[in-house]
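What follows is the residue order along each chain.
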Amino acid sequence: MGEPHRRGARVRAVAALAAVVALVAAGCGGGDGGSAGDGPTTVRIGTLPIANAAGMYLGMEQGFFAEEGLEIEPTVLQGGNEIVTGLVSGDYDVGFVGYISAGVAAGRNVPVCVLTASDATGTSAEDDWQVMVAGPDNTISSPQDLVGSPIGINALGGVAEVLIRAALDREGVDPASVEFIEVPFPEVPAAIAGGRIAAGYTAEPFVTTVLDQGGEVVFAPQSALAPEYPNGAYAASRQFVQGEPETVERFTRAMERSLDHARENPDAVRAAIPTFTQIPPELAERMRLPVFTSELDRAAIDEQMTFMQQYGVVEEAPTADELICG
């Protein structure tokens with residue numbers, strides 16, 4: 001698949017964000033964060049069915065949110081654009097998104113900002129959980145061997161493409177020399193086995209699936225950019241932040257505590273993952289875990305925003321200071 005497929009995917013992405021912008025223009029939005037009354041304040045969260053969300057679920061289990069007078073009401077969605085749309089329309093108070101997803105929205109004048117960190121990549125190809133994998137008979141020994149090869153990524157024009165392009169650039173490989181094909185994370189093992197792609201970018205538990213089939217990790221683009229490179233975050237609409245400052249403060253405090261607990265208790269993370277994903281316990285015990293962090297790495301977030309502009313995702317990207325709620 002070539003340029004027409006890429007253009008189609010990017011048109012779909014732009015259309016989704018255009019819908020968000022339309023909501024803003026129409027004056028939609030602004031959940032009230034629930035009603036505190038004599039009981040807890042409800043915070044509605046748009047989240048994803050992935051291991052990275054374990055920090056939030058552990059915080060709920062440990063009572064960190066309850067201690068702040070909050071009741072978390074998660075809704076599982078399938079992608080960042082859907083979550084951002086829900087934030088602006090007022091369906092959700094907080095959303096679990098990538099920094100780049102939040103940055104793309106902010107760069108297109110959608111009023112969202114980042115409240116807290118969530119997770120980061122690993123430190124190398126040996127422990128990173130979101131990597132490029134290939135089959136047992138591959139001939140890829142360096143990023144240079146990817147030139148001219150079809151590479152699977154979960155969404156054209158999205159987070160993966162931006163960060164892979166940046167990592168290839170840093171390794172001295174022209175990103176335009178690699179052919180990107182849209183392959184959802186769960187389909188990567190079969191696409192590799194069937195010869196549809198030479199390598200595929202995927203996340204756990206599908207990394208472990210490929211390794212179980214005799215494959216290997218051939219490139220870890222995000223940890224190649226820097227160890228523990230920022231990945232996910234919790235964001236909100238600026239209307240919610242301005243209208244519910246006390247709720248935001250309490251949520252931020254509880255979420256940071258939850259993330260610290262997740263980082264310090266990997267066994268608890270492994271036990272929690274099967275409770276909110278379709279990952280079976282046996283696989284959760286063996287898979288590589290996200291690195292949970294409560295630190296907002298402003299320098300790395302700034303770098304990601306620069307990449308968005310460099311690779312033409314937005315005309316003007318926000319700085320980290322502009323993206324982070326303040």
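Up top you'll find the structure we're talking about.
Residues numbered from 1 in each chain as written. Predicted model: local features only at pLDDT ≥ 70, side-chain atom pairs only at ≥ 80, totals over all residues. Heavy atoms only, no water.

**Q** Would you mind going over the overall build of the protein with me for this structure?
**A** Along its length, the protein carries 15 helices and eleven strands. For the protein, the proportion of its 326 residues judged to be buried stands at 53%. Intrachain contacts of the protein at a sequence separation of at least 6 include 78% that bridge at least 24 residues. (Helix = DSSP H or I, 4+ residues; strand = E, 2+ residues; numbered from the N terminus. Buried < 20%, exposed > 50% of the residue type's maximum accessible area, 1.4 Å probe, protein only. Contact = heavy atoms within 4.5 Å.)

**Q** Mind showing me how you'd approach unusual backbone geometry here?
**A** Leaving glycine aside, a negative phi is the common case for residues, and trans is the common case for peptide bonds. A cis amide bond, omega 15°, links Glu-204 with the succeeding residue Pro-205. Considering the arrangement of structural elements, one finds Pro-205 in the loop between strand S8 (199-203) and helix H8 (206-212). Even without a glycine there, the phi angle at Asn-109 is positive, about 65°. With a phi close to 50°, Glu-228 is a non-glycine residue in the positive phi region. With respect to the secondary-structure elements, Glu-228 resides in the loop between helix H9 (221-225) and strand S10 (230-237).

**Q** Help me understand the pattern of salt bridges, please; the structure alone is not making it clear to me.
**A** A full pass over the atoms with the stated rule returns ten salt bridges. In this structure, Glu-67 and Arg-257 form a salt bridge, with 2.6 Å as the shortest nitrogen-oxygen distance. Remark: Arg-257 occurs in helix H11 (residues 245-264) and Glu-67 occurs in helix H3 (residues 64-67); sequence separation between them is 190 residues. We classify Glu-67 as exposed; its relative accessible area is 53%. A salt bridge links Arg-165 to Glu-161, with the nearest nitrogen and oxygen atoms 3.0 Å apart. (Salt bridge = Lys/Arg side-chain N within 4 Å of Asp/Glu carboxyl O.)

**Q** Any chance you could explain the packing of helix H6 (residues 159-170) against helix H14 (residues 298-310) here in plain terms?
**A** Between two packed helices, the angle of one axis relative to the other and the distance separating the axes together describe the packing. Here H6 crosses H14 at 95°, and the two axes come no closer than 10 Å. The angle between H6 and H14 falls in the class roughly perpendicular. On H14, the residues touching Val-162, Leu-163, Ala-166, Asp-169 and Arg-170 of H6 are Glu-303, Gln-304, Phe-307, Met-308 and Gln-310. Of the residues contributing to the contact of H6 with H14, the split by class is five nonpolar, two polar and three charged. (Axes fitted to C-alpha atoms, helices over the stretch in contact; angles between N-to-C directions. Parallel < 35°, antiparallel > 145°, perpendicular 65-115°, else oblique. Nonpolar A, V, L, I, M, F, W, Y, C, P; charged D, E, K, R; others polar.)

**Q** So what exactly am I meant to see when it comes to the sheet that holds strand S6 (residues 150-153) here?
**A** Pairing between sheet strands relies on hydrogen bonds along the backbone, with the strands arranged either parallel or antiparallel. Reading across the sheet, the five strands line up as S7-S6-S8-S5-S9 and stay open at both edges, with mixed pairing between neighbours. Only two strands of the sheet have a single neighbouring strand rather than two, namely strand S7 (179-182) and strand S9 (216-219). Each adjacent strand pair in this sheet contributes to an overall mean axis angle of 40°, direction not counted. Pairing of strand S5 (residues 130-134) with S8 involves four bridges; the strand directions are antiparallel. Within S8, the position partnered with Val-131 by the bridge is Thr-202. (Pairing = 2+ DSSP bridges.)

**Q** Is there a simple way to explain the sheet that holds strand S2 (residues 70-76) in this structure?
**A** Read from one edge to the other, the open sheet built from six strands follows the order S2-S1-S3-S10-S4-S11, with strand pairing classed as mixed. Two strands in the sheet have a free side with no partner beyond their single neighbour: S2 and strand S11 (291-292). As paired elements, strand S1 (residues 41-47) and S2 share seven bridges and run parallel to each other. Residue pairing in the sheet places Thr-41 in a bridge with Leu-70 of S2.

**Q** How should the packing of aromatic side chains be read in this particular structure?
**A** This structure, assessed with the given rule, holds six aromatic pairs. Centroid distance Tyr-57 to Phe-276: 4.2 Å. Interplanar angle 10°. Geometry classified as stacked. Taken together, the residues Tyr-57 in helix H2 (residues 54-62) and Phe-276 in helix H12 (residues 266-276) connect sequence positions 219 residues apart. Looking at Phe-276, the relative accessible area reads 11%, which means it is buried. Taking 5.0 Å as the distance between ring centres and 20° as the angle between the ring planes, the aromatic pair formed by Phe-96 and Tyr-234 counts as stacked. A residue pair is termed long-range when its members are at least 10 positions apart, and Phe-96 in strand S3 (residues 94-98) and Tyr-234 in strand S10 qualify at 138 residues. The pair Phe-96 / Tyr-234 is uniform in exposure class, with both members buried. Chaining the aromatic ring pairs together yields one cluster made of Phe-65, Phe-96, Tyr-234 and Phe-251. (Phe/Tyr/Trp six-rings, centres within 6.5 Å; stacked < 30°, edge-to-face > 60°.)

**Q** Looking at this model, I keep getting lost on the side chain of Thr-247. Mind explaining?
**A** Along the polypeptide, Thr-247 turns up in helix H11. With relative accessibility at 4%, the residue Thr-247 sits in the buried group. Each residue touching Thr-247, except ones within four places of it in the same chain, is listed here: Thr-41, Val-43, Leu-70 and Phe-240.

**Q** What am I meant to see in the pairing of S10 here?
**A** Within a regular strand, the side chains alternate between the two sheet faces. In terms of burial, S10 is a largely internal element, eight of the eight residues being buried. Summarising the sheet, strand S4 (residues 112-120) and S10 pair through seven bridges and their orientation is antiparallel. In the strand pairing of S10, Ala-117 is matched with Ala-233.

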